[in-house]
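Inside the fold
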Amino acid sequence: MSGPPTRSTERLRLEAISKRFGATIALAEAGFEVRAGEIHALLGENGAGKTTLMNVLSGLYHADAGRIWLDGRPAEIAEPRDAIRHRIGMVHQHFELIPPLTALENVIIGQEGSTLLLRRERQARGVAALAARFGFEVDLRAPVAALGLADQQKVEILKAIFRGVDILILDEPTTVLTPQEADALLRTLRTMASEGLSVVFISHKIHEVLGHCDRATVMRAGRSVGTVDASATTEQALVEMMIGERVARTAAPAEREVDDTVLLRVDDVTVAGRGGLPAVSHARFSIGRGEVVGLAGVDGNGQRELVEAIVGLRRVTGGRVELGGRNVTTTAVGDRLAQGLAYIPEDRLGDGALPSMSVAENLFLGVHRLARGGGLTYRPAAIRAGAAAPVRDYAIRGTATTPLGMLSGGNIQKVLIARALAVAGHGDTPLVVAHNPTRGLDVRTTEFVRRCLVDVSRRRGGVFLVSSDLDELMQLAHRILVLFRGAIVADLPSTAFDAYEIGRLMTGAAARA
Amino acid sequence: MSASAVVTLLLDPELWRLMLTMAAPLVLAGLGELVMERSGVLNVGVEGMMAVAAAVAFLTMLKTGTLLGAAAAAMAATLGLAVVLGYFAITLRSAQLTVGLCLFVFGTGLASLLYRLVIGVTTATPTVQTLPRLAVPGLAEVPFLGTVVFTQNALVYLALALVPVLAFLLVETSLGLRLRAAGENPRALDTVGVNVRALRYGAVAVGGLLIGLAGAYLPLAVTGAYSDGIVGGRGWIALMVVIFGRWQPGWALVGAILFAYTEALQFKLALVTKAVPPQVLLMLPYVVAIVVLVRLYQGAEPPRALGLPYERESRL
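One structure accompanies this document, and this report is about it. All values derive from a computational prediction rather than experimental measurement.

**A word on the side chain of S18(A)**
Residue and element names in this part refer to chain A. Looking at where S18 falls in the secondary structure, it is placed in strand β1 (residues 10-21). You can call S18 buried: its relative accessible area is 17%. In this structure S18 touches L27, A28, E29, A63, D64 and A65, once residues within four positions along its chain are discounted.

And the structure:
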């Protein structure tokens, strides 16, 4: 943060940066320009090339072509250390921290001050002063693994400013924060920018960009589409720049046929977690026909455990789970599937699919029991033929025989959705359990996935939607449950949806009150 | 045997001294492996590397008669093997388990071959002078501890001294911090401008030198002769010592001592009792290894990037 903060001075210019990964073109002559003291948003769908472009700037990726200008002079950035030397710092979306090391060690590593001994006390004073100045106070002696995501992010930012930065890049910094924390961060960034720091803010949330950034550069398919002043543009204009065509937003399923038939009842369910503490404690709720029930919570508060307990992948240590009035607490997963319980796991490739097997085989998985016509064998030809309809209906890019792992995240998710809906369609109690079903997907696929889930409820099935995207929950759910440290601390009807209030509950406000 | 006789046997200073003598190669090889693993490189070829070192050390000693030369030749040989491991694991990003296993098989065979090439097949096994014991003046007279700790050979002192040195290095120095980081999250280290590749090569080289010294120790300080199978699983036990020690030098020393104690006890028991067949006694250290590790392996958290090659531009 040196030099006089004159807003119109150009600090950084990226010119015609190109980058390929194998056959994939990640960046095609992308570029933009950042001024001193501004917050500049880099906006675009997933896969648009925002992160790749910034990885080039921070020296992590080597560009195939293009030039970088800093303060009007050409700069050579071939290694991360070059970027550090040019006072460029980046906070990665998936933090680059070393969990067992303390916050202090994570901040000072690489710049320990002396080559031999670590002088922790002296370094701690310097880092603490820096943290206090910008409001990034964290427990410097705590191992990073013990810190929450918001604090880990503070450590990442401290790490960057400890090295001295004129340009700070933040990749999707608000996705891990509650609305309150996000606002606090954005206010701090504004203060830092007013002192001359240039901030590059990668985001796909348009309202953040409009509310907190000076200018925005929109990227699409590896190219920069254009740069606009945030004050002179609209949400609709930005969306059009991002995706190139209009997308109909999924309407909130406000009207719902009142039906008291309970599809799923979770009664006083407790699931053991690590170190003896319950991961889920005494959860109690039910989902009726035609209902979308959302589960909000900061990641890691027991969402995964609760979902896996319902699906049957994790042992329930107390309470019972009922599916369509039948006790299924100890029932095998296969029998639950046969009843119509379908699962869309958070970790698509890890839990949801067999990446090296074909699209057709993945579509068949889970349905295989229901579709068996007798005999011990499945006929490959029949499996392939069965995939034709879903590949067409869900516009899956690829053929029945393409290995699933070769597809993009969005197309993999479409395969999982198609399969889940097939499973739900076969049973008497159609219930789709979806865990972060749109995470990492682009706008178009996100809308498609959401529409599929709404359709399930329209056809009188149930949806249990676990999502870390509050906007998504408020848009789709009829009710939102809030999970905090394994306990359901609130059950809100749609009339009580309020992002700030839910954010408070997610961070344990109810527990403290 | 009466209870007091058993206690006398278990606490016999000579037994404990033998224990430390046998612990030294485990400590040296264990620390070498620990340095490598802390940087993120898994080396399961310790056994093979030690075999090569044992053969080279013995043959050099036999031909030149200089202890330092023998140790240096052995360490140079394992340094070479370590660089091969590093080249595959770090530069070519191969599967480290596979490369390590190859190194084990290759090393075992190479050791045998070298010996045959130089000595040939003979009826009389050639022998060399073993390392002399050095009594530390003054301290050697202390009851029990004097016998156990202070009348050892030089390499035992060196091995024991390396433990606190390495522990200090890991925790209190910049280099140690970077080494730990390389094994936990190499990308994080890379993004702060530290050369991960150089750091890992350095760790592999240091590890190779220590493992070489451990292998040289066996003919030079224990047997005075070379025979195939001289390493006798100590390379594998060194790997276990690292796990036992949860990747901490101090605890690795405790692990090495525990294994060495059972090994020493087995020699001792074979002398005093005829009731148990010696083959069963020979098995003792390995049984302890299995029992202890099955218990300890649960919950042991290795460095997160252990065995994972690092590539800056991989998009994972």
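**Description of the sheet that holds strand β14 (residues 292-296) of chain A**
Residues and elements named next belong to chain A. Reading across the sheet, the six strands line up as β17-β18-β19-β14-β20-β21 and stay open at both edges, with mixed pairing between neighbours. The outermost strands of the open sheet, each flanked by one partner alone, are β17 (341-344) and β21 (487-493). Sheet twist, expressed as the average angle between the axes of neighbouring strands with direction ignored, equals 15°. Relative to strand β19 (residues 462-466), strand β18 (residues 431-435) is paired through five bridges, and the arrangement is parallel. Bridge pairing in β19 places H435 opposite V466.

**With respect to helix α5 (residues 149-162) of chain A**
Between its first and last C-alpha atoms α5(A) spans 20 Å; for 14 residues at 1.5 Å apiece the expected length is 20 Å, and the two agree. Judged by how many residues are buried, α5(A) sits mostly within the fold: 10 of 14 residues are covered. The complete set of buried residues in α5(A) reads A150(A), Q152(A), Q153(A), V155(A), E156(A), I157(A), L158(A), K159(A), A160(A) and I161(A). If you follow the buried residues of α5(A), they end up packed against β7 (88-91), α3 (103-108), α4 (120-134), β8 (167-171) and α6 (179-194) of chain A together with α9 (186-191) of chain B. Within two residues after α5(A), G164(A) carries a phi angle of roughly 85°, on the positive side.

**Some thoughts on the packing of helix α2 (residues 13-38) of chain B against helix α12 (residues 249-272) of chain B**
Residues and elements named next belong to chain B. At their nearest, the axes of α2 and α12 sit 7 Å apart, and the two run at 140° to each other. One element, α2, and the other, α12, form an angle in the oblique class. As α2 packs across α12, the resulting crossing turns out to be right-handed. Its residues assigned to classes, the contact of α2 with α12 comprises 22 nonpolar, no polar and three charged.

**Topic: the pattern of salt bridges**
Residues and elements named next belong to chain A. Scanning all chains against the criterion turns up 38 salt bridges over all chains. A salt bridge links E38 to R215; the shortest N-O distance between them is 2.9 Å. In this pair, E38 sits in the loop between β3 (33-35) and β4 (39-44) while R215 sits in strand β10 (residues 215-220), placing the two residues 177 residues apart along the sequence. For the pair E38 and R215, one class covers both residues: buried. Close ionic contact of E291 with R479 constitutes a salt bridge, the shortest N to O distance being 2.9 Å. With E291 in the loop between β13 (278-288) and β14 and R479 in strand β20 (residues 479-484), the pair connects residues that are 188 residues apart, well separated along the chain. Exposure class is identical for E291 and R479. Each is buried. Here the salt bridges do not stand alone but share partners, grouping E33, R35, E38 and R215 into one network.

What counts, and where the lines are drawn
- Residues numbered from 1 in each chain as written.
- Chains lettered and ligands numbered in written order.
- Predicted model: local features only at pLDDT ≥ 70, side-chain atom pairs only at ≥ 80, totals over all residues.
- Heavy atoms only, no water.
- Helix = DSSP H or I, 4+ residues; strand = E, 2+ residues; numbered from the N terminus.
- Buried < 20%, exposed > 50% of the residue type's maximum accessible area, 1.4 Å probe, protein only.
- Contact = heavy atoms within 4.5 Å.
- Pairing = 2+ DSSP bridges.
- Axes fitted to C-alpha atoms, helices over the stretch in contact; angles between N-to-C directions.
- Expected span 1.5 Å × (residues − 1).
- Parallel < 35°, antiparallel > 145°, perpendicular 65-115°, else oblique.
- Left-handed = near helix turned anticlockwise from the far one by under 90°.
- Nonpolar A, V, L, I, M, F, W, Y, C, P; charged D, E, K, R; others polar.
- Salt bridge = Lys/Arg side-chain N within 4 Å of Asp/Glu carboxyl O.

Coordinates in, geometry out; function isn't part of it.
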